[in-house]
Amino acid sequence: MTTHVLVQALGDLEEAAVLEQVQRELADGVPALTVLEELQKGMVLVGERFECDEYFLSELIFAADIFKQANSYLAIDLEQRAGRMIGAMVLGTVKNDIHDFGKDIVGMVLRSNGIEVVDLGVNVGYERFVEAVEEHKPGLVGISCLLTTVYEDMKATIDALKAAGLRDQVKILIGGGPTDQVVADYVGADACCRNAQEAVDAAKRLLGVG
Ligand code: B12
């Protein structure tokens with residue numbers, strides 16, 4: 001298995017090498033979720049280089065573009081296995097945050113595991129979550145966040161669901177780069193997931209289906 005190559009190639013912004021490697025690994029039978037994990041690690045590497053001023057916003061945007069292209073190969077693989085529907089989730093990236101790759105991947109993987117996903121997009125206002133829960137009556141709400149500056153917005157979203165009397169009707173999953181159990185406890189979520197597979201496991205557990 002040569003997945004380390006992928007982490008490094010994405011970290012180094014080698015577009016052609018990333019796309020070739022993704023296709024090679026999928027052809028070799030490496031599961032799409034494993035390839036995805038390596039791409040995620042590559043993005044962490046990009047983020048670290050951005051943080052220490054080795055990369056700037058233009059590199060961040062270029063990395064995002066490579067990631068998106070690589071992801072399109074995975075999407076085909078992941079979407080092929082749809083099954084019986086076991087529940088629904090209202091999903092969005094929290095207010096003041098526009099990162100959406102993680103959210104999109106989680107949405108795609110949940111769908112392929114039988115969870116209907118209502119995707120509200122990015123920078124989703126607190127009341128928009130409330131309205132969507134009232135309209136779609138899902139068992140789950142998913143909130144994505146990549147910025148440490150938006151924890152308060154995540155908390156405010158959950159507080160808005162409480163104020164509308166909806167908190168007890170849903171289980172809330174959070175995720176995204178900087179989130180962990182401490183953040184989940186602070187904002188009042190039921191679970192924090194580090195990747196798409198954890199999201200599937202937590203969603204099934206919280207829905208009581210496995
Ligand atoms: C790509 C990227 C961008 C792209 C986003 C493109 C897009 N359409 O999403 C662009 C270039 C636009 C961007 C912009 C910015 N970015 Co940016 N970005 C990144 C980068 C490099 C990768 C993020 C990513 O896509 N990762 C890959 C995905 C697949 O991983 P993931 O999101 O973690 O998702 C997985 C899990 O977390 C989980 N998950 C995710 N969401 C959810 C939701 C639920 C419900 C569940 C259950 C699970 C779950 O499952 C996913 C799949 O496995 C990170 C670096 C990093 N370390 O993360 C910085 C990073 C997040 N960005 C950062 C910053 C500062 C910014 C900007 C403010 C820069 C600027 N000065 O303008 C702006 C943000 C503007 C805003 N208001 O949002 C900082 C944040 C620092 C901080 N402490 O908050 C980071 C950490 C870089 C850094 N190290 O400094 N960014």
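Counting restarts for each chain: residues are numbered from 1 in the order of the written sequence. Under the rules for a predicted model, residues below a pLDDT of 70 receive no local features and side-chain atom pairs below 80 are neither given nor counted, while totals for whole chains, interfaces and linings still include all residues.

Undergrad: What's the story with helix 3 (residues 32-51) in this structure? I'm lost.
TA: Structurally, the α-helix is built with 3.6 residues per turn, so residues lying three or four positions apart point the same way. Secondary structure elements follow DSSP: runs of H or I no shorter than four residues count as helices, runs of E no shorter than two count as strands, and numbering proceeds from the N terminus. To estimate how far a helix should extend, the number of its residues minus one is multiplied by 1.5 Å. With 20 residues, helix 3 extends 29 Å between its outermost C-alpha atoms, agreeing within 8% with the 28 Å of an ideal straight helix rising 1.5 Å per residue. Counting other C-beta atoms within 10 Å of a residue's C-beta gives its exposure: the residue is buried at 20 or more, exposed at 12 or fewer, and partly exposed in between, where C-beta atoms are placed from the backbone. Of the positions making up helix 3, those classed as buried are A32, V35, L36, E38, L39, G42, M43 and V46. Viewed end-on, helix 3 has its buried residues packed into an arc of 160°, placing them on one side of the element. Of the exposed residues in helix 3, those oriented more than 90 degrees away from the buried face are E48 and E51. Following helix 3 by one or two positions, D53 adopts a phi angle in the positive range, close to 60°. This arc corresponds to the set of directions leading from the helix axis out to the C-beta atoms.

Undergrad: Got a minute to help me understand the domain arrangement of the protein chain in this structure?
TA: Accessible area lost upon the coming together of the parts is a frequently used measure of interface size. The assigned domain composition of the protein chain is domain 1 (3-79) and domain 2 (87-207). The straight-line distance from the C-alpha centre of domain 1 to that of domain 2 is 24 Å. Contact between two residues is assigned whenever their backbone-derived C-beta positions fall within 7 Å. The interface of domain 1 with domain 2 comprises 9 residues on the first partner and 8 residues on the second. At the level of secondary structure, the elements contributing two or more residues to the side of domain 1 that touches domain 2 comprise helix 3 and helix 4 (57-79). Top contributing element to the side of domain 1 that touches domain 2 by residue count: helix 4, with 5 residues. Residue classes follow a fixed rule: Ala, Val, Leu, Ile, Met, Phe, Trp, Tyr, Cys and Pro count as nonpolar, while Asp, Glu, Lys and Arg count as charged, and any other residue, Gly among them, counts as polar. Here the residues of the side of domain 1 that touches domain 2 sort into 5 nonpolar, 2 polar and 2 charged. An automatic or database domain assignment supplies the residue ranges for each domain.

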